[in-house]
Protein chains: 2
Amino acid sequence: MPSKTGTGDPPGSAGNFALRIPDGEDRPRLVCDTCGFINYVNPRVVVGTVCTWRERILMCRRAIEPRTGFWTIPAGYLEEKETVMDGAKREAREEACADVDLDSVLSIYTVPRISQVQIIYRGTLRSPDVAPGPESQEVALLTWDEIPWDDIAFPSVHWALNHFREVRELRSFPPFANPEGETGDRRPGETRHPGQ
Amino acid sequence: MPSKTGTGDPPGSAGNFALRIPDGEDRPRLVCDTCGFINYVNPRVVVGTVCTWRERILMCRRAIEPRTGFWTIPAGYLEEKETVMDGAKREAREEACADVDLDSVLSIYTVPRISQVQIIYRGTLRSPDVAPGPESQEVALLTWDEIPWDDIAFPSVHWALNHFREVRELRSFPPFANPEGETGDRRPGETRHPGQ
């Protein structure tokens, strides 16, 4: 899903915002000098799934920014009043027309720079019938060796795939966190796409 | 931490908000008719810990609304640019002056009505020196039988304590989700406090 809010300037160009500490608070918030609105910004939750059909992993080629044309697992922002598991299933449906059963929590990652918490599940497809939704150019069921490793959209997609592989044969396991020292930011060399 | 935003009306009384579907979107958002600001609201992340010192569990009696005077585990909203684990440790420090090491993810709960995702850890205190922070009336290290079960602040605190007990002796386990059929809302009979 596209980034819509909250990790810096408020969304849209409207409003007349200044950064100040509101009364009774301990940290600066964006306050609109026109209408007095306080823009409380909190980290956002991304929910996603490493989905398999037998030995194959469902991958989606992004049709939207950021990272159009790069590959990811089905994942996106949790919506209001949605459970995390419902959100993960909705994203698989929206991005790959996929019907998935979740079996365990694979990982909880944080990307602090953009205030993103990612909750990633391990799941199995109910059928191999998948197709690109509006946010995907292409979807595919790929073996490990077929995954386009040089064209992965985000570091956390690498993490999720590799963590998935580590526990593939395990029925029960504790969730992974970020790999040691990793923040989830792409390195400059990885930014090959125009406009990125 | 107090509730500050985002699960209905925008925070504060400023702004002139109407609910409408912005261009290119698929669901209604609050838009300010005065300045054009779009109030994107996303679920918020609560991070918390069931912390122990030997056989005793750290509990905090709330000094703030909602549920002032009721007991909880140290937990609160994740802040911007903070990892989930750092957030959980910060909350233990703020609410109970406690220094905690996290050892595993106990549970991931969702309370859909208020769009809250709760990530709860299991942790151990580095010392039994705990004291109430500004948001706690009192803190205590309690045995299971000493926990004031009738005065627990929220259903998810019950869940976390009981889930903790189930895995207390296990080194490694998958995280729990909401108990079957539970949404995290308090039942009317549980609402005994004036103003709640």
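Residues numbered from 1 in each chain as written. Chains lettered and ligands numbered in written order. Predicted model: local features only at pLDDT ≥ 70, side-chain atom pairs only at ≥ 80, totals over all residues. Heavy atoms only, no water.

(A) Region of interest: the interface of chain B and chain A. With 44 residues of chain B in contact, the opposing surface of chain A contributes 44 residues. For the chain B and chain A pair, buried surface summed over both sides reaches about 3,900 Å², with 64% attributable to carbon and sulfur atoms. The interface formed by chain B and chain A holds zero salt bridges in total. For the pair chain B and chain A, the number of links is eight residue pairs in polar contact (both at pLDDT 80 or more). Going through the elements one at a time, strand 2 (29-32), strand 3 (38-39), strand 4 (44-53), strand 8 (100-111) and strand 9 (116-125) of chain B are the ones with two or more residues in the side of chain B that touches chain A. (Contact = heavy atoms within 4.5 Å. Buried area = accessible area lost by both parts, 1.4 Å probe. Salt bridge = Lys/Arg side-chain N within 4 Å of Asp/Glu carboxyl O. Polar contact = N/O pair within 3.5 Å; in protein donor to acceptor, adjacent residues only side chain to side chain. Helix = DSSP H or I, 4+ residues; strand = E, 2+ residues; numbered from the N terminus.)

(B) Spotlight on the relation of the copies chain B and chain A. Least-squares fitting of chain B to chain A yields an RMSD of 0.0 Å, with the superposition described by an axial translation of 0.0 Å and a rotation of 180 degrees. In short, the pair behaves as if placed about a two-fold rotation axis. When each C-alpha of chain B is compared by its distance to the rotation axis, P174(B) comes out closest, at 2.3 Å. Looking at the interface residues of chain B, 100% of them are also at the interface in chain A, so both copies use one shared face. (Least-squares fit on C-alpha atoms with pLDDT ≥ 70 in both.)

(C) Structural context of the pairing of strand 9 (residues 116-125) of chain A. All names here are of chain A. With nine of its 10 residues buried, strand 9 lies for the most part within the structure. The pairing of strand 4 (residues 44-53) with strand 9 spans nine bridges and is classified as parallel. Pairing of G48 across the sheet is with I120, part of strand 9. Alignment of strand 8 (residues 100-111) against strand 9, held across 10 bridges, turns out to be antiparallel. Within strand 9, the position partnered with I108 by the bridge is I119. Hairpin geometry of strand 8 and strand 9 is characterised by an intervening segment of four residues between the two adjacent antiparallel strands and by a positive phi of about 50 degrees at S115. (Buried < 20%, exposed > 50% of the residue type's maximum accessible area, 1.4 Å probe, protein only. Pairing = 2+ DSSP bridges.)

(D) Up close: the packing of aromatic side chains. The full count for this structure, using the stated rule, is four aromatic pairs over all chains. Measuring from ring centre to ring centre gives 5.0 Å for Y109(A) and W159(A), while their planes differ by 75 degrees; the resulting arrangement is edge-to-face. One end of the pair, Y109(A), is in strand 8; the other, W159(A), is in helix 2 (residues 155-167), with 50 residues separating them in the sequence. Comparing Y109(A) with W159(A), the two get one shared label, buried. Its guanidinium or amino end placed over the ring of F70(A), R67(A) lies 3.8 Å from that ring's centre, counting from NZ or CZ. Here the guanidinium or amino end of R44(B) rests over the ring plane of Y77(B), the centre of that ring lying 3.7 Å away. (Phe/Tyr/Trp six-rings, centres within 6.5 Å; stacked < 30°, edge-to-face > 60°. Lys NZ or Arg CZ within 6 Å of the ring centre and 35° of its normal.)

(E) Quick look at the side chain of R44(B). All names here are of chain B. For R44, the position within the fold is in strand 4. Although R44 is buried, it makes no salt bridge; E79 carries the closest opposite charge, 7.5 Å away. For R44, the side chain forms a polar contact with the side chain of Y77, separated by 3.2 Å. (Lys, Arg positive; Asp, Glu negative; His and termini not counted.)

(F) Local environment of the sheet that holds strand 2 of chain B. All names here are of chain B. Strand order in the open sheet made by the three strands is 1-2-3, with antiparallel pairing throughout. The two strands at the open ends of the sheet, each matched to only one other strand, are strand 1 (17-20) and strand 3. As paired strands, strand 1 and strand 2 are joined by four bridges and run antiparallel to one another. Paired with F17 across the strands is C32, a residue of strand 2.

(G) Expanded view of unusual backbone geometry. Geometrically, the link from E65(A) to P66(A) is a cis peptide bond, its omega value of -5 degrees lying close to zero. When you line up the elements, P66(A) lands in the loop between strand 5 (56-62) and strand 6 (71-72). Positioned with a positive phi, C97(A) is a non-glycine residue whose angle comes to about 50 degrees. Mapping C97(A) onto the fold places it in the loop between helix 1 (84-96) and strand 8. Positioned with a positive phi, S115(B) is a non-glycine residue whose angle comes to about 50 degrees. Take S115(B): it is sitting in the loop between strand 8 and strand 9. Under the relative-accessibility criterion, S115(B) is labelled buried at 3%.

(H) Seen up close, the sheet that holds strand 3 (residues 38-39) of chain A. If you trace the three strands from one edge of the open sheet to the other, you get 1-2-3 (chain A), paired in antiparallel fashion. Only two strands of the sheet have a single neighbouring strand rather than two, namely strand 1 (17-20) and strand 3 of chain A.

(I) The pattern of salt bridges, seen in detail. Residues and elements named next belong to chain A. Inspection of the entire model under this criterion finds 22 salt bridges over all chains. Here D33 ties to R20 by a salt bridge, and the two come within 3.1 Å at their closest N and O atoms. A residue pair is termed long-range when its members are at least 10 positions apart, and D33 in the loop between strand 2 (29-32) and strand 3 and R20 in strand 1 qualify at 13 residues. Accessibility expressed as a relative area gives 43% for D33, which makes it partly exposed.

(J) Looking closely at the environment of G181(B). On the secondary structure map, G181(B) appears in the segment after helix 2 (155-167). In this structure the C-alpha to C-alpha distance between G181(B) and V46(B), which are 135 residues apart in sequence, comes to 21 Å.

(K) Geometry of the domain arrangement of chain A. The domain architecture assigned to chain A consists of domain 1 (1-41) and domain 2 (44-167). Distance from the C-alpha centre of domain 1 of chain A to the C-alpha centre of domain 2 of chain A: 30 Å. (Domains from an automatic or database assignment.)

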